[in-house]
Amino acid sequence: MKRGFLNTTKVKQAVSTQAPPAQLGDDDQASPSPSYPVASEDKSKADPPGHERRKDSKGKESEKSLSDYKKDQRIVYHLGLDTEAPGPGVLSTTQFIEESPSDMLNYEPHELICTTQPAVPIDATREHYPDGWTECLITGLMKQTVLQTPSFCQPLSQPDHASYRVGTASAPNGPTSKPLPGLYATKKLEMGDLILSERPVLIVPAMMRVGEIFSELLSQLDNHDQATVVSNQWQETLETVFGRLSKEDQEEFWKLRDIRQRNGKKSIDGIVKANGFAILGLADPGLEDNDGAYSGVGFIPADLSSGELIFQLSCRPNVERYWDMPSFSMQLRAMRKISNDEELTVSYINQLEPYAVRQKNLKLFDIVCTCQSCKKPKIGDRRRTQFLKGKLTTDDFLHWIKDASLSDDHVIKRALVQISLLEDDGLENSPYYSDNLMMIMLCYVALGDDEKAMRWGKKLGKWELCKYGPKDVEDYDRPQRYTKHQLWKLKVNARNNHRATALAMKEKMKQG
């Protein structure tokens, strides 16, 4: 059952036939995104675009003009004839770089540009900008999307006290277990608790992209030569955005693991593939098959002394990632209860796939997962099969509403079984988990029990906080969300209508 299930024709018909329409007030509309003040060291005044108020080493405020900021770089291709190649009319391409102001927005929608976000002065240092900044290779359309985000760009949100440490487990499981490097919780965490926020050092398209000018050139080449041309141009483009990193960041970047390393030589693309995380909040529309997706590379989840990821992978992760556009950062939150000293783990793949499929997908990253689900694959696969067979649907919910013979907890019991199966295999981050939370919440709404509806609604809100950020989360704490819901007391009304109809029929039978 998806989040838009209330808009289906079946549900609308059920609402209209089983109960009078709910009277919704203005405060029952979806809450807008919270409005944040523009970040500035002078908290009493927001900085206008193109200016940054900052204190110098003597404590005096100074203003940075637009010319002091790192400029954008446009990737421009020139198509011409290769006079040295054999045969007449052989096309070749050359890549050029054109600088443009950091606040420029009128780019072509799909042209690639190198830009620094949030914009920082040319002489920026981590000391003055501890939240950091990101060197981006994005389209002109994506830059517009980023800069037109309400309240962009906000300071990073961080927990009041450090909730993780980098190191090894202080109490390995079992007498023969070896401590592994990783991130470990330093306190008990609940679902939704913020663990850390990080602004990636580099963001690039997840798939190779080239300019439209290449279509004429590529049409003259066979598949092998096409792949060679595209790959070479892509590497040159990556080198351009990589060259914008500070010397220190470049040195740290080369320490990261490269799954495509050959003969001891690393590549930018190989390091991105090994360490990049999908940024679900960034995607160019109109590009199919994931071609519009982006990847980000940060330094927090890696041991730079060895180049290995220390944010270990698991098919039963306890941490979820969310891209927060207003702060241009990746937020990591606890996806379920986490014990003190428990290792923090994430997932790179679809954990609902069978064990064999998961291992095949992980092999592409040169990773072997040793989580409990992979150690006992038959149990995990059996749970997944049970779950899919018992999955609840919108029809199940509506049938329960209409059938007076079904008990009040008929659907709730089934949803609780599904939740138990998912929790047993550590699949709380699955969308099916939220579907069942929502199913239970709506059942209590239909039963007119606002207290229990809110209890499950708050849990659903925390799940959505981990996945989608803070928007609308506080709405789950408002009683009106439940008591003025269009499904409020729908089951009660249906049951009362059924009883009234039965009594009327019984009375008619008495009268002969």
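Conventions used here
- Residues numbered from 1 in each chain as written.
- Predicted model: local features only at pLDDT ≥ 70, side-chain atom pairs only at ≥ 80, totals over all residues.
- Heavy atoms only, no water.
- Buried < 20%, exposed > 50% of the residue type's maximum accessible area, 1.4 Å probe, protein only.
- Helix = DSSP H or I, 4+ residues; strand = E, 2+ residues; numbered from the N terminus.
- Pairing = 2+ DSSP bridges.
- Phe/Tyr/Trp six-rings, centres within 6.5 Å; stacked < 30°, edge-to-face > 60°.
- Lys NZ or Arg CZ within 6 Å of the ring centre and 35° of its normal.

**Describing the pairing of strand S6 (residues 134-139)**
On a regular strand, one side chain projects to one face of the sheet and the next to the other, so that they alternate.
Then step 1. Judged by how many residues are buried, S6 sits mostly within the fold: 6 of 6 residues are covered.
Then step 2. Burial along S6 is two-sided: Thr 134, Cys 136 and Ile 138 facing one way and Glu 135, Leu 137 and Thr 139 facing the other are all buried.
Then step 3. Sheet topology places strand S5 (residues 112-117) next to S6; 6 bridges connect them, and they run antiparallel. Residue pairing across strands places Gln 117 opposite Thr 134, the latter belonging to S6.
Then step 4. In this sheet, strand S10 (residues 202-205) lies alongside S6 in parallel orientation, the contact comprising 2 bridges. Among the inter-strand pairings, Glu 135 is bridged to a residue of S10, identified as Leu 202.

**Digging into the packing of aromatic side chains**
Then step 1. Applying the stated criterion across every chain yields a total of 9 aromatic pairs.
Then step 2. Arranged with centres 5.0 Å apart and planes meeting at 55 degrees, the rings of Phe 387 and Tyr 432 form a pair that is tilted. A residue pair is termed long-range when its members are at least 10 positions apart, and Phe 387 in helix H9 (residues 377-389) and Tyr 432 in helix H12 (residues 431-446) qualify at 45 residues.
Then step 3. You can call Phe 387 buried: its relative accessible area is 3%.
Then step 4. Taking the centre distance of 5.8 Å and the plane angle of 50 degrees together, the rings of Phe 397 and Trp 400 count as tilted. Within this pair, Phe 397 and its partner Trp 400 are both found in helix H10 (residues 394-402), separated by 3 residues, close to a single helical turn. We note that Phe 397, like Trp 400, is buried.
Then step 5. The cationic tip of Arg 126 hangs over the ring face of Trp 133; the distance from NZ or CZ to the ring centre is 4.3 Å.
Then step 6. The side chain of Arg 481 reaches across the aromatic face of Tyr 476, ending 3.9 Å from its centre.

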